[in-house]
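Analysis of the macromolecular model
Residue-level listing of the chains:
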Amino acid sequence: MKVSIVGTGYVGLVTGACLAEMGNDVLCLDVDPNKIRILEDGGIPIHEPGLDLVVARNVKAGRLSFTTDVARAVAHGTIQFIAVGTPPDEDGSADLQYVLAAARNIGRLMTDYKVIVDKSTVPVGTADKVRAAVAEEIAKRGSDARFAVVSNPEFLKEGAAVEDFMRPDRIVIGADDDQAILLMRALYAPFQRNHERLVVMDVRSAELTKYAANAMLATRISFMNELALLAEKMGADIEQVRLGIGSDPRIGTHFLYAGCGYGGSCFPKDVKALIKTASGEDHDLLVLKAVEAANDRQKMVLVDKVIKRFGTDLRGKHFALWGLAFKPNTDDMREATARVVLAELFKLGATVTAYDPVAMPEAERIFGDEPRLKYAQSRNAALEGADALIIVTEWKEFRSPDFDLIKATLKTPVIFDGRNLYEPALVRSAGLSYEGIGRGGE
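Notes on the structure follow. Quick caveat: nothing in here was measured; it's all calculated off a predicted structure. (Residues numbered from 1 in each chain as written. Predicted model: local features only at pLDDT ≥ 70, side-chain atom pairs only at ≥ 80, totals over all residues. Heavy atoms only, no water.)

1. Concerning the overall build of the protein chain
The line we're drawing: For the purposes of this entry, the term helix denotes a DSSP run of H or I that reaches at least four residues, the term strand denotes a run of E that reaches at least two, and both are numbered from the N terminus. Throughout, the radius of gyration refers to the C-alpha atoms, and the reference size of a globule is 2.2 Å times the residue count to the power 0.38. For every residue, the accessible area obtained with a 1.4 Å probe (protein chains only) is divided by the maximum for its type, and the residue is called buried under 20%, exposed over 50%, and partly exposed between those limits. Only the protein chains shown count as cover for residues, and all accessible areas are computed by the Shrake-Rupley method using a 1.4 Å probe. Just so you know, the count uses Lys and Arg for positive and Asp and Glu for negative, and it drops His and the chain ends. Lys charges are placed at NZ, Arg charges at CZ, Asp charges at CG and Glu charges at CD.
A count of helices and strands for the protein chain gives 18 helices and 14 strands. Over its C-alpha atoms the protein chain spans a radius of gyration of 24 Å, differing by no more than 12% from the 22 Å that the globule rule assigns to 442 residues. Dimensions of the protein chain, computed from C-alpha atoms along their principal axes, come out at roughly 75 × 45 × 45 Å. The buried share among the 442 residues of the protein chain stands at 53%. Accessible area of the protein chain: about 19500 Å², with a carbon and sulfur share of 52%. The averaged location of the 62 negative side-chain charges in the protein chain is 2 Å from the averaged location of its 54 positive side-chain charges.

Rendered as structure tokens:
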């Protein structure tokens, strides 16, 4: 099938590459010539494990190509995926200007039947706006070209997006056009050979499903973080509690890990957008407001622990920080806890040496020439001259460090572990103080 993808960001590039992998003829459009230049030169503008190999293989095979030519992209695909950004407005609502601009371009240039697929995470009712924008452009030309609008939300995890797309646990299609449903079934048939994973529903339900999924996951995280803070006060261990409740099949084991707050491009933005959408319907999402407030508080927990140990005047104090990305296997620092921790430490007068396997270039872009922030080329190098170690991201290479080396290097032998990577007894047996999340101190 011929497929066009509008937007070569995280969602668009993964979608285009994986559809090409299954034999489709995919053309990816982006109005940013720098992105297209990088892709045409064999580079990848985002960090996503395995994506570079899929892109390279399909470009070489002639199934995946890139362009800045809007007319070419509209002419190419019967199926037109809109996968552009929907950044939050100042009021928290999703900004649809790029989605609607893409829709208008398709309506302005299409000459035959198109299935226009909303792949971007968009509020309920966006398909209606896309349909109206396309219809308006077609009417201006006096054309009788037919089209359908479909909602096909993505459920990709950063750091595992290729695997998620190639082996999905569900494929949600929101549509009311029989021909569009038939084409979407054909497009996704290679991804569900073992058993049916495609769920067809009305468009608005599909749009709400994406927000509901992310809101549910964010709720589980904030709930466990709230319990972790309570566990600290009561002398309980949140990891033992996690094992106890996770063994209940009604609850399950996923997204029950206490930590120093969620971040990234999805959960914070989508929770805000769903709260805003509900307020537009005169409905107050009390639980999600609490989820958001709890997460904001949780991002300060590590700083609070540092203050409790070293005081509020951190002038002359230097900290090692392991992890900058909001999660492992990505360089994404949007809404990352590390940003909050660094900003607060700087306010209190501290300096920091940070290490992250892939996100340091992104940190340099964000913080610029911030004099209080240095970067190390290894986890151990970051420890040199530090008063204490703060762990913010649970990269695999942080899981089994040399505790004797850490104790010998740090001026004050204390680890502030924002991801509960270690067993407290093991760390303390090496002569280090250990501050986890909900695991007790010292």
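Picking up where we left off.
2. Some words on the packing of helix H9 (residues 203–234) against helix H11 (residues 267–280)
Cut-off, in case you're wondering: In this analysis, axes come from line fits to C-alpha atoms, helices being fitted only over the stretch in contact, and the angle between any two N-to-C directions falls in the range 0 to 180 degrees. Geometric relationships in this document are graded by angle, where less than 35 degrees denotes roughly parallel, more than 145 denotes roughly antiparallel, 65 to 115 denotes roughly perpendicular, and other angles denote oblique. Definitions for this section: a left-handed crossing has its near helix turned counterclockwise from the far helix by less than a right angle. A right-handed crossing has that turn clockwise. A contact between two residues is defined here by any heavy atoms of the two lying within 4.5 Å.
Running from N to C, H9 and H11 point in directions that differ by 115°, and their axes come no closer than 9 Å. One way to sum up the angle between H9 and H11 is to call them roughly perpendicular. The crossing of H9 and H11 is left-handed. Contacts from Leu 208, Lys 210, Tyr 211, Asn 214, Ala 215, Leu 217, Ala 218 and Ile 221 in H9 reach Phe 267, Asp 270, Val 271, Ala 273 and Leu 274 in H11.

3. Side note on helix H10 (residues 238–246)
Note the cut-off: Throughout, the arc means that of the directions going from the helix axis to the C-beta atoms. Each polar contact in these results corresponds to two N or O atoms within 3.5 Å; when the atoms are within protein, one needs to be able to donate a hydrogen and the other to accept it, and residues that are neighboring in sequence are counted only if both atoms are side-chain atoms.
Residues Ile 238, Glu 239, Arg 242 and Gly 246 constitute the buried set of H10. The buried residues of H10 occupy an angular sector of 105° when projected down its axis, which confines them to one face. Here the buried face of H10 lies against H9. For H10, the side-chain oxygen to backbone nitrogen distance between the N-cap and Glu 239 is 2.9 Å, and the N-cap itself is Asp 237.

4. Structural notes on the pattern of salt bridges
Put simply, the rule is: Salt-bridge detection follows one rule: a side-chain nitrogen of Lys or Arg within 4 Å of a carboxyl oxygen of Asp or Glu.
For the structure on display, the rule yields 28 salt bridges. Between Asp 112 and Lys 114 there is a salt bridge; the shortest N-O distance is 3.3 Å. Given the relative accessible area of 39%, Asp 112 is considered partly exposed. Here Arg 419 makes a salt bridge to Glu 394, at a shortest N to O gap of 3.4 Å. Of this pair, Arg 419 sits in the loop between strand S13 (414–417) and helix H18 (424–429) while Glu 394 sits in the loop between strand S12 (388–391) and helix H17 (403–409), and the two are 25 residues apart along the sequence. With relative accessibility at 16%, the residue Arg 419 sits in the buried group.

5. A word on the packing of aromatic side chains
Selection rule: Stacked, tilted and edge-to-face pairs are distinguished by plane angle, under 30 degrees for stacked and over 60 for edge-to-face with tilted covering the rest, among Phe, Tyr and Trp rings (Trp via its six-membered ring) whose centres lie within 6.5 Å. By definition here, charges over rings are those cases where NZ of Lys or CZ of Arg is within 6 Å of the ring centre and within 35 degrees of the ring normal.
Across all of its chains, the model carries 12 aromatic pairs by this definition. The interplanar angle of 45° and the centroid separation of 6.2 Å between the aromatic rings of Phe 255 and Phe 267 together place this pair among those described as tilted. Of this pair, Phe 255 sits in the loop between H10 and H11 while Phe 267 sits in helix H11, and the two are 12 residues apart along the sequence. The class of Phe 255 is partly exposed, set by a relative accessible area of 31%. Given a relative accessible area of 13%, Phe 267 falls into the buried group. A ring pair is formed by Phe 403 and Tyr 422, whose centres lie 5.1 Å apart and whose planes are at 90°; its orientation type is edge-to-face. Of this pair, Phe 403 sits in helix H17 while Tyr 422 is found in the loop between S13 and H18, placing the two residues 19 residues apart along the sequence. We note that Phe 403, like Tyr 422, is buried. Among the aromatic side chains, those forming a connected cluster through ring pairs are Phe 165, Tyr 188 and Phe 191. Above the face of the Phe 155 ring, Arg 170 is positioned so that its terminal group lies 3.7 Å from the ring centre.

6. Digging into the environment of Ile 221
When you line up the elements, Ile 221 lands in helix H9. Here Ile 221 falls in the buried class, since its relative accessible area comes to 12%. Discounting chain neighbours no more than four positions away, the residues touching Ile 221 are Phe 255, Tyr 262 and Phe 267.

7. Some remarks on the side chain of Asp 387
Assignment of secondary structure puts Asp 387 in the loop between helix H16 (379–382) and S12. Apart from the residues within four sequence positions on either side, Asp 387 is in contact with Phe 310, Gly 316, Lys 317, His 318, Leu 410, Lys 411, Thr 412 and Val 414.

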